[in-house]
Amino acid sequence: MPGAPVDRLALCLHEVLANIIAHGGGSAHAAPIRVLLDVRRDAGAGEVSVTVSDAGAAFNPLAVPQKALPQTLGEASAGGLGLVMIRRCADWLDYRRTDERNHFTFGARWSPPSSGAPITRFGRGRDRRVASTRVAHERRRGERRKTALEWIALFKSADPREIAAVLAECEVLALPAGAALLRAGETNASVYVLLSGRLVARLGPAASPGASVAIDVEPGECIGELSAIDGKPISAQVLAQSEVRVLRLEREVFWNRLMRQHGVAENLMATLTARMRRASEKTLALQREVLELEHLKKELDLARQIQASLLPLQRPLFPGRSDIEACGFMEPAEKVGGDLFDAFFVDQRTLFVCIGDVSGHGIAAALFMVRVIGLLRTLAMETADPGQVLETLNDRLCVGNDASIFVTLFCGFLDVQAGELVYSNGGHPVPIVASAREASLLPLPKGALLGASSGRHYASLRRTLAAGETLFCYTDGVTEAESPAGAPFSVERCLERLRTGARRALPELLDDLHAQVVGHTGSPALADDCAMLAVRRPAP
């Protein structure tokens, strides 16, 4: 049965017989165990069905819950995995109990290697020379015949007439793009020579192409020779990258006839050496990429720590003061992000607060965020006008901003004794003011986002923050976080949570809002950076 999954069926039969002998009881040993083999073939494809019958105790293996494979050696225990292997190796399973006997059936199917594509013979049609190989019309016929075989590396310097005689009845398979010529883990008894098209041999997990080594197979090169030599399962997944034609050399032809031809063995060694050298070079390149990726991850972890150290993450922010409460929260969507907030006193009674969102994610946004934080801390000490702070910040951010990164920003100065808040805004989401009775949006002056174009004007507004009121600022990663159905978390949900939680401690309030956002998305990893800042004048 060439091409049939004999090894898989043999493993299934071994496990079934071992189970009957070990657990079938005295009746299983007293009567013969019968094995019925049924093979059906059609145009190279086929199926094999094996039925094992015994007179042992009634036992339906399909009713037994499948044992989970251990993830570690500590979880491993003896026994119970035979049926797991049978389920994996067989294409179908069936159990019946008739005539006081157990009848367990398993089977497998196989298809021709060409997946239904036509099979021809070498030397008929255009198979003897790759389509891209051109031969001058003035060459003699003998030279053309020699060239038609010498472009195949395996037959270089060999006698073309003897090679042609051996190959006359060998099959040429036509595979469509995407078809598998060889599959990792399967057995193989043939050597294949690529005549035309593109093949790639992929070493490593097929589910993770980025973690595997891909080796291109050029026309004229052979593939499958290692598994044909040592008889071990195939180590690589060989896929057609385009429509291909391959010459199949079966074991008997390859070893008993071709390898006896002058120069073929040396050519095979040269081919293996060249492929091993290419594989080694690609493996080393992949290892370098892995090392560079690990180094980059360490650098990103360090960058995240540095970024976190720039933000006031103490909870609460000013534990030594009784005239103001403040708390912030920031969670980047990646290792580092572009959201920011800050709160610090410019004098004994004036608190500067700000929150912003840099466009994009990752390292570029994080670097721009550091620049914004540094400039804000300087500008806030130079003027008490938030509109002037944004105008100067915008002009400075536009200088050298070739990457066209921008930031939305809200900032203000709060007199913690009188409660007067002077604020300005540059394209940022509207903050919320909440008390024990209500929560509403803070009126905002118009202002463009910062860093896009210089010379912008930013107006300022004033509002008195009453005792017990909370100013809640946020980035769009909070309100625009989407559920699996695509619905945003929304400002309305923030208003409702702030109404019901106006009396809670600010760290608890922000943690609750963050938990609500995460629960809304259904994923612990948010799609956008998330930042929040809450400032409250304590009630008497």
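Here is what the cut-offs are and how they apply
- Residues numbered from 1 in each chain as written.
- Predicted model: local features only at pLDDT ≥ 70, side-chain atom pairs only at ≥ 80, totals over all residues.
- Heavy atoms only, no water.
- Pairing = 2+ DSSP bridges.
- Helix = DSSP H or I, 4+ residues; strand = E, 2+ residues; numbered from the N terminus.
- Axes fitted to C-alpha atoms, helices over the stretch in contact; angles between N-to-C directions.
- Contact = heavy atoms within 4.5 Å.
- Buried < 20%, exposed > 50% of the residue type's maximum accessible area, 1.4 Å probe, protein only.
- Expected span 1.5 Å × (residues − 1).
- Salt bridge = Lys/Arg side-chain N within 4 Å of Asp/Glu carboxyl O.
- Left-handed = near helix turned anticlockwise from the far one by under 90°.
- Nonpolar A, V, L, I, M, F, W, Y, C, P; charged D, E, K, R; others polar.
- Phe/Tyr/Trp six-rings, centres within 6.5 Å; stacked < 30°, edge-to-face > 60°.
- Lys NZ or Arg CZ within 6 Å of the ring centre and 35° of its normal.
- pLDDT = per-residue confidence, 0-100.

Draft legend 1. Looking closely at the sheet that holds strand 14 (residues 325-331). In space, the 5 strands of this open sheet follow the order 14-23-22-19-20, with antiparallel pairing throughout. Looking along the sheet, the strands with just one partner apiece sit at the ends: strand 14 and strand 20 (439-441). Ignoring which end each strand starts from, the neighbouring axes of this sheet average 15° apart. As paired elements, strand 19 (residues 432-434) and strand 22 (residues 470-474) share 3 bridges and run antiparallel to each other. Each residue of the ladder has a partner; that of Ala 434, found in strand 22, is Thr 470. The strands that helix 13 (residues 506-521) touches are strand 14, strand 22 and strand 23 (530-536); relative to strand 14, the one it contacts most, it runs at about 30°.

Draft legend 2. Region of the structure containing unusual backbone geometry. Omega for the bond connecting Arg 315 with Pro 316 falls within 30 degrees of zero, at -5°, which places this linkage in the cis form. As for its position among the elements, Pro 316 is in the loop between helix 8 (264-310) and strand 14. One non-glycine residue with positive phi stands out, namely Asp 99, at about 55°. The residue Asp 99 is located in the loop between strand 3 (92-98) and strand 4 (101-110) in this model. In this model, Glu 100 sits at a positive phi of 60°, which is unusual for a non-glycine residue. You can see Glu 100 is positioned in the loop between strand 3 and strand 4. For Glu 100, a relative accessible area of 61% translates into the label exposed.

Draft legend 3. Spatial organisation of helix 10 (residues 386-398). Between the first and last C-alpha of helix 10 there are 18 Å, a value that for 13 residues agrees with the 18 Å anticipated at 1.5 Å per step. Within the sequence span of helix 10, burial applies to Pro 386, Gly 387, Val 389, Leu 390, Glu 391, Thr 392, Leu 393, Asn 394 and Leu 397. Backbone geometry just downstream of helix 10 places Gly 400 in the positive-phi region, at approximately 70°.

Draft legend 4. Local environment of the pattern of salt bridges. This model, assessed by the stated rule, comprises 14 salt bridges. A salt bridge links Glu 171 to Arg 248; the shortest N-O distance between them is 2.0 Å. In this pair, Glu 171 sits in strand 6 (residues 171-175) while Arg 248 sits in strand 13 (residues 244-250), placing the two residues 77 residues apart along the sequence. Both residues of the pair, Glu 171 and Arg 248, count as buried. Among the ionic pairs, Arg 536 bridges to Glu 325, the shortest N-O distance being 3.6 Å. With Arg 536 in strand 23 and Glu 325 in strand 14, this pair connects stretches of sequence that are 211 residues apart. The exposure class assigned to Arg 536 is buried, which follows from its relative accessible area of 7%. Among the ionic contacts, a cluster of salt bridges with common partners joins Arg 497, Arg 504 and Asp 512.

Draft legend 5. Up close: the packing of helix 12 (residues 491-500) against helix 13. Running from amino to carboxyl end, helix 12 crosses helix 13 at an angle of 145°, the nearest separation of the two axes being 11 Å. The two elements helix 12 and helix 13 cross, and the hand of that crossing is right-handed. In this structure, helix 12 contributes Arg 493, Cys 494, Arg 497 and Leu 498 to the contact, and helix 13 contributes Leu 509, Asp 512, Leu 513, Gln 516 and His 520. Looking at the contact of helix 12 with helix 13 residue by residue, the class counts come to 4 nonpolar, 2 polar and 3 charged.

Draft legend 6. View of helix 9 (residues 362-379). Taking 1.5 Å per residue as the helical rise, helix 9 with its 18 residues ought to reach 26 Å, and the 26 Å between its terminal C-alpha atoms agrees with that figure. For helix 9, the complete set of buried residues consists of Gly 362, Ala 365, Ala 366, Phe 368, Met 369, Val 372, Ile 373, Leu 375, Leu 376 and Leu 379.

Draft legend 7. Up close: the packing of aromatic side chains. Inspection of every chain in the model, using the stated rule, returns 6 aromatic pairs. Seen from their ring centres, Phe 104 and Phe 106 are 6.2 Å apart, and the 45° between their planes marks the pair as tilted. In this pair, the class of Phe 104 matches that of Phe 106, namely buried. Ring geometry for Phe 344 and Phe 352: centres 5.3 Å apart, planes at 45°, overall tilted. Each of the two residues, Phe 344 as well as Phe 352, counts as buried. Put simply, the rings of Phe 344, Phe 352 and Phe 413 touch in pairs and so form one group of aromatic residues. In this structure, Arg 321 packs its charged tip against the face of Phe 345, placed 3.9 Å from the ring centre.

Draft legend 8. Up close: the sheet that holds strand 18 (residues 420-426). On the basis of which strands lie adjacent, the open sheet formed by 5 strands has the order 15-16-17-18-21 and antiparallel pairing. Where the open sheet ends on each side, the last strands, each with one partner, are strand 15 (339-345) and strand 21 (461-464). Across this sheet, the average inter-strand angle for adjacent strands is 15°, counted without regard to direction. Bridge count for strand 15 against strand 16 (residues 350-358) is 7 bridges, and the pairing is antiparallel. Considered in strand 16, the bridge of Asp 339 is made with Asp 357. Sheet strands in contact with helix 9 are strand 15, strand 16 and strand 17 (407-415), and its direction is about 20° off that of strand 15. Across the sheet, helix 10 lies against strand 17 and strand 18, angled at about 150° from strand 17, the strand it touches most.

Draft legend 9. Here's a closer look at the confidence of the model for the protein. Mean pLDDT over the protein stands at 82; residues scoring 70 or higher make up 83%. Of all the helices and strands in the protein, helix 4 (residues 141-150) carries the lowest mean pLDDT, 49, while strand 18 carries the highest, 97. Under a pLDDT of 50 for its full length, residues 127-147 has, in the predicted model, 27 contacts with residues more than four places off or in other chains. Throughout residues 206-210 the model reports pLDDT below 50, and contacts reaching past four residues in sequence, or to other chains, amount to 2 contacts.

Draft legend 10. Layout of the pairing of strand 8 (residues 190-196). Taking burial as the measure, the 7 residues of strand 8 include 7 buried ones, the bulk of the element. As paired strands, strand 8 and strand 13 are joined by 6 bridges and run antiparallel to one another. Considered in strand 13, the bridge of Val 193 is made with Leu 247.

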